[in-house]
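# What the coordinates show
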Amino acid sequence: MYSNGGNSVSPNRLVHEKSPYLLQHAYNPVEWFPWGDAAFEKARLEDKPVLLSIGYSTCHWCHVMERETFSDPSVGEIMNRWLVSVKVDREELPDVDSLYMNAVTAMTGSGGWPLNVFLTPEGKPFYGGTYFPAERQGGMPGWKKLVEHIGQLWGNPEERHKLIDSADILVKSLRDELSLPPEPGAIDPELVDRGFERIRDAYDPRHGGFGHAPKFPLPSALRFLMDYAVSGQKGASREKWTGDALDMVLHTLERMADGGIHDHLGGGFHRYSTDPRWHVPHFEKMLYDNAQLASLYMDAYAMTGDSRYVETARDTIGYVLRDILDPEGGFYSAEDADSVRSSLVDKSDSELSEAEKREGAFYVWESNEIAEILGEDAELFMYRYGVKPHGNVLHDPHNNFYDLNILYHARSVSETARRFERSERDVREVIAASAGKLFESRKHRPRPFRDDKVIAAWNGLMISALARGYQVLGDAVYLHAARDAACFITDRLMESPGILYRRWRDGARGIQGRAEDYTFVARSFLDLFECDGDAEWLKKAVGLVDSALDIFLDRDTGAVYSSPAGEHNHLLIRMEERFDVVEPSAASVLVDSLLRLHALNISPEYGKAAERILTRFGVDMRDNPLQTAFMLAMLKRFISPPQLIIIAGTPENQETRALIRAAQTKYMPNALQILLTPQNRDSLTARLPVLERYMEVDGHPAAYVCVNYTCQLPVTDPTALTSLLDRESALAI
């Protein structure tokens, strides 16, 4: 993937980097720099503007621009003459990406990747956009002419002055927009209910999800609705509102699982849908999406007992464990949307080119392929999955899917059974067998490129998903995988108990951890602690939370910053963690861990820090509830009394396991669960002396349910524990 394919061009500086995205540009004729002092120093010395080009390795239009523009020697000559060019992997430096994405959006009204922005040598943006062809194409300016024009403007003192003035105005505007003023006064609990109303207004009642197209899953919004459905609202409207919230979550999860955004053969989800009904995806598969969605489907199953949700959760986790698991335990970042068409499978690697790759080629099907593979079962399968002779993509402006089919649940199993006059059981068996045959056939296609860097934050999300999967299903494979990934992080990405790096690849760690790395990993260690009671996970989580407070939190204002202070001299604005969009913000995840640690009464500072952050976010929760949905969920947890479920017993004991299952399979967002065993009692009580009082009862394992630091009498029967949890959850609302 990174060789020059026989090109005589010498490698540029990117050849020494670890990022797969940067390595994809290592043989461009452009004299690329990685982000850092050297590029900006050269720009100052040579009096040139800086081009900052940002993307990621599985980005379709990044591939197109690399192939058609940056690989062109004539483009390289022009760029090297007029500019100092810098390449950034947005997944490695999300703070850099966020700042300049905001800048380009402010300039043009939209953003995306590849992101190309022109800067002064001081890092101030004055012009930018996304994809540019080498030559003018339609309404898009040609890159060569654009670069030359900007270079000439920079060389003209009068025009340069205008560029610098516009950059100064933009930077001032960005400072005002991106620096959130603190909200005076106390936290307003009414924000939760008002936020729910606004999120409900944005909901798509026909297809589920939010907005029209492109449509992203937005797990943070679904998580808020799930929490709201559990806790509801007091008063006459509570039952209606609670039902609305749960219906929105379940409808969205069902429609996504039915749609083409879901890989019906290999499991897992693609990044987003290009249409409002989840049919035509952008075919990237991202670890962070699949981790969050697996957790949501697990909890939907815990809340409803409906097997549809657990099947989707299992196939999502199955995809991750099969296809993007590092042999040493960590999880890779993503798989590409593009791959070589199956019709070219017989070509040798040296004959294949990036130009022959197509969006979704690995996943889509011609109807005659399916007919040949499935034989007499093909008609039934194609009826169920909406396969048509001339393809099933209705809206295809780029003609990517002519005569091709994207599998989706066009008709239910019951409809299919009626149509073919067979039992539903028979239909399910035929579908399962047919899907297996197609999956085996698909294995022989050229696979999409896999970005094999391990990102700490995204691994934290996956560890949390696996931990929840173990709690809900009791599948030890999930717990072992979660522990392996956590050990991968502690062994390779942690320098000391409180120092974390962001990225591991090719035998080396790099990049100082961002706020999301510290907070996502800390939360995942708390999740593991709830699973097995190992005090080491609690110790590590506390260490990371304490470091996050020291490195990223402004204790006076409650601001949580993305990166350490002073790390980037060229980053004009230290970015705050503000919005929960495709991932929750580091700020809201930090509050999650702070509230859980506060429930353990380790330190009053945790509760104070959580309150300060929540107070600062009052403005955003009021004005942008859909973009601060996870923080709203944290606000709901903050204003609800903390709950502890403590189970004292030997984990190998069947009675203990029954109590654990009764507690862990319920969805209780306010509850922290502690397993107190003979093996961990000394280590846990040394850290948490309050636990000394919780013992077995008459030689039997016992469960203690505590709300707002007041505990009920212990119970030893799992049925009694379930009843007690139901009652205490209702009282805690």
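Look up: the structure comes first, before these words.
Residues numbered from 1 in each chain as written. Predicted model: local features only at pLDDT ≥ 70, side-chain atom pairs only at ≥ 80, totals over all residues. Heavy atoms only, no water.

## Brief notes about the overall build of the protein chain
When helices and strands are tallied, the protein chain shows 27 helices and 20 strands. For 733 residues, the compact-globule formula gives about 27 Å, and the C-alpha radius of gyration of the protein chain, at 27 Å, lands near that figure. If you line up the protein chain on its principal axes, its C-alpha atoms span 85 × 70 × 50 Å. Among the 733 residues that make up the protein chain, the fraction classed as buried is 59%. Across the protein chain, every contact between residues at least 6 apart in sequence was considered, and the portion connecting residues at least 24 apart equals 69%. Averaging the locations of the 80 positively and 108 negatively charged side chains of the protein chain gives two centres separated by 1 Å. (Helix = DSSP H or I, 4+ residues; strand = E, 2+ residues; numbered from the N terminus. Rg over C-alpha atoms; globule rule 2.2 N^0.38 Å. Buried < 20%, exposed > 50% of the residue type's maximum accessible area, 1.4 Å probe, protein only. Contact = heavy atoms within 4.5 Å. Lys, Arg positive; Asp, Glu negative; His and termini not counted. Charge placed at Lys NZ, Arg CZ, Asp CG, Glu CD.)

## A look at the pairing of strand β3 (residues 84–89)
Along β3, six of the six residues are buried, which leaves the element largely enclosed by surrounding structure. Going residue by residue along β3, you find Val 84, Val 86 and Val 88 tucked away on one face and Ser 85, Lys 87 and Asp 89 tucked away on the opposite face as well. Note: strand β1 (residues 33–34) against β3, two bridges, orientation parallel. Looking across to β3, one finds that Pro 34 is bridged to Lys 87. As judged from the six bridges shared by strand β2 (residues 50–55) and β3, these two strands associate in the parallel manner. Bridged to Leu 51 within β3 is Ser 85. (Pairing = 2+ DSSP bridges.)

## Things to note about empty space enclosed by the protein
Per the stated rule, a full pass over the model turns up two cavities of 30 Å³ or more. The computed volume of the largest cavity comes to approximately 90 Å³. Forming the boundary of the largest cavity are Gly 260, His 262, Asp 263, His 264, Leu 265, His 270, Phe 283, Tyr 363, Trp 365, Ile 406, Leu 407 and Arg 442. Within this model, the second largest cavity holds a volume of roughly 50 Å³. Lining the second largest cavity are Glu 530, Ile 645, Ile 647, Ile 660, Ala 663, Gln 664, Gln 673, Ile 674 and Leu 675. Every element with two or more residues in the lining of the second largest cavity is listed here: β17 (643–648), α25 (654–664) and β18 (671–676). Looking at side-chain class alone, the lining of the second largest cavity contains six nonpolar, two polar and one charged residues. (1 Å grid on protein atoms, 1.4 Å probe; cavity = no way out; pocket = protein on both sides within 12 Å on 5 of 7 lines; lining within 4 Å. Points joined across faces, edges and corners; volume = space filled by probe spheres on them. Nonpolar A, V, L, I, M, F, W, Y, C, P; charged D, E, K, R; others polar.)

## Thoughts on the environment of Arg 198
Residue position: Arg 198 is located in helix α8 (residues 190–202). The exposure class assigned to Arg 198 is partly exposed, which follows from its relative accessible area of 42%. Beyond its immediate chain neighbours, meaning those up to four positions away, Arg 198 contacts Arg 622, Asp 623 and Pro 625.

## Regarding the nonpolar core
Judged by nonpolar contacts, the single largest core of 131 residues is most densely connected at Phe 224 and Ile 613. Ranked by residue count, the leading element in this core is helix α17 (residues 456–473), at 12 residues. Setting aside its immediate chain neighbours within four residues, Ile 613 contacts Leu 553, Gly 558, Val 560, Ala 587, Leu 590, Val 591, Leu 594 and Met 631. (Core = buried A, V, L, I, M, F, W, Y, C linked by side-chain atoms within 4.5 Å.)

## With respect to the side chain of Lys 48
The residue Lys 48 is located in the loop between α2 (37–46) and β2 in this model. Within the local environment of Lys 48, its side chain forms a polar contact with the backbone oxygen of Asn 80, the two atoms lying 3.1 Å apart. Excluding its chain neighbours within four sequence positions, the residues that come into contact with Lys 48 are Ala 43, Asn 80, Arg 81, Trp 82, Leu 83, Val 84, Pro 121 and Trp 154. (Polar contact = N/O pair within 3.5 Å; in protein donor to acceptor, adjacent residues only side chain to side chain.)

## Some thoughts on the environment of Ile 455
When you line up the elements, Ile 455 lands in strand β13 (residues 454–455). With relative accessibility at 0%, the residue Ile 455 sits in the buried group. Between the alpha carbons of Ile 455 and Ile 489 there is a distance of 9.4 Å; along the sequence they are 34 residues apart.

## Details of the packing of aromatic side chains
The geometry of an aromatic ring pair comes down to the distance between the two centres and the angle between the two planes. Counted under the stated rule, the structure contains 25 aromatic pairs. Judged by centre distance (6.0 Å) and plane angle (15°), the rings of Phe 126 and Trp 154 are stacked. Taken together, the residues span a long stretch of sequence, with Phe 126 in strand β5 (residues 125–129) and Trp 154 in helix α6 (residues 143–155) at a distance of 28 residues. Pair check on accessibility: Phe 126 and Trp 154 agree, each one buried. (Phe/Tyr/Trp six-rings, centres within 6.5 Å; stacked < 30°, edge-to-face > 60°.)

## So, the state of the cysteines
Covalent bonding between the sulfur atoms of two cysteines defines a disulfide. Tallying each qualifying case throughout the model produces two disulfides. The disulfide partner of Cys 59 is Cys 62, and the gap between their sulfur atoms is 2.4 Å. On the sign convention where negative is left-handed, the bridge of Cys 59 and Cys 62, at about 80° about the S-S bond, is right-handed. Owing to a relative accessible area of 3%, Cys 62 belongs among the buried residues under this scheme. Sequence-ordered numbering of the bonded cysteines in the protein chain gives a disulfide pattern of 1-2, 3-4. Between Cys 487, a cysteine without a disulfide, and Cys 531, which holds the nearest cysteine sulfur, the sulfur-to-sulfur distance is 14 Å. For Cys 487, a relative accessible area of 34% gives the class partly exposed. Classification of Cys 531 as buried rests on a relative accessible area of 3%. (Disulfide = S-S within 2.5 Å.)

## Thoughts on helix α12 (residues 307–323)
For α12, which comprises 17 residues, the first-to-last C-alpha distance of 24 Å matches the rise-based estimate of 24 Å (1.5 Å per residue) to within 8%. Considered for burial, the residues of α12 that qualify are Tyr 309, Val 310, Thr 312, Ala 313, Thr 316, Ile 317, Tyr 319, Val 320 and Asp 323. (Expected span 1.5 Å × (residues − 1).)

## Describing the sheet that holds strand β12 (residues 450–451)
Strand order in the open sheet formed by three strands is β8-β9-β12, with antiparallel pairing between adjacent strands. The strands lining the two open edges of the sheet, one partner per strand, are β8 (285–286) and β12. Bridging between β8 and strand β9 (residues 334–335) involves two bridges; their strand directions are antiparallel. Note that in β9 the partner of Lys 285 across the bridge is Glu 335.

## Structural notes on the side chain of Asp 475
Examined against the element boundaries, Asp 475 turns out to sit in the loop between α17 and α18 (476–493). The buried category is assigned to Asp 475, whose relative accessible area is 18%. At 3.1 Å, the side chain of Asp 475 forms a polar contact with the side chain of Arg 314. Once residues lying within four places of it in the same chain are set aside, the contact partners of Asp 475 are Arg 314 and Tyr 470.

## So, helix α22 (residues 604–616)
Between its first and last C-alpha, α22 extends 19 Å over 13 residues, near the 18 Å set by a 1.5 Å rise per residue. Buried within α22 we find Tyr 606, Gly 607, Ala 609, Ala 610, Ile 613, Leu 614, Thr 615 and Arg 616. Check the buried side of α22 and you find it contacts α20 (535–552), α21 (586–599), α23 (618–623) and α24 (629–639). The backbone nitrogen of Glu 605 has a side-chain oxygen 3.1 Å away, supplied by the residue at the start of α22, namely Ser 603.

## A closer look at the pairing of strand β19 (residues 702–707)
With six of its six residues buried, β19 lies for the most part within the structure. Every second residue of β19 is oriented toward a common face, with Ala 702, Tyr 704 and Cys 706 on one face and Ala 703, Val 705 and Val 707 on the other, all of them buried. In terms of strand pairing, β17 meets β19 through six bridges, oriented antiparallel. The residue bridging Ile 645 from the neighbouring strand is Val 705, located in β19. Here β19 pairs with strand β20 (residues 710–711) via two bridges, running antiparallel.

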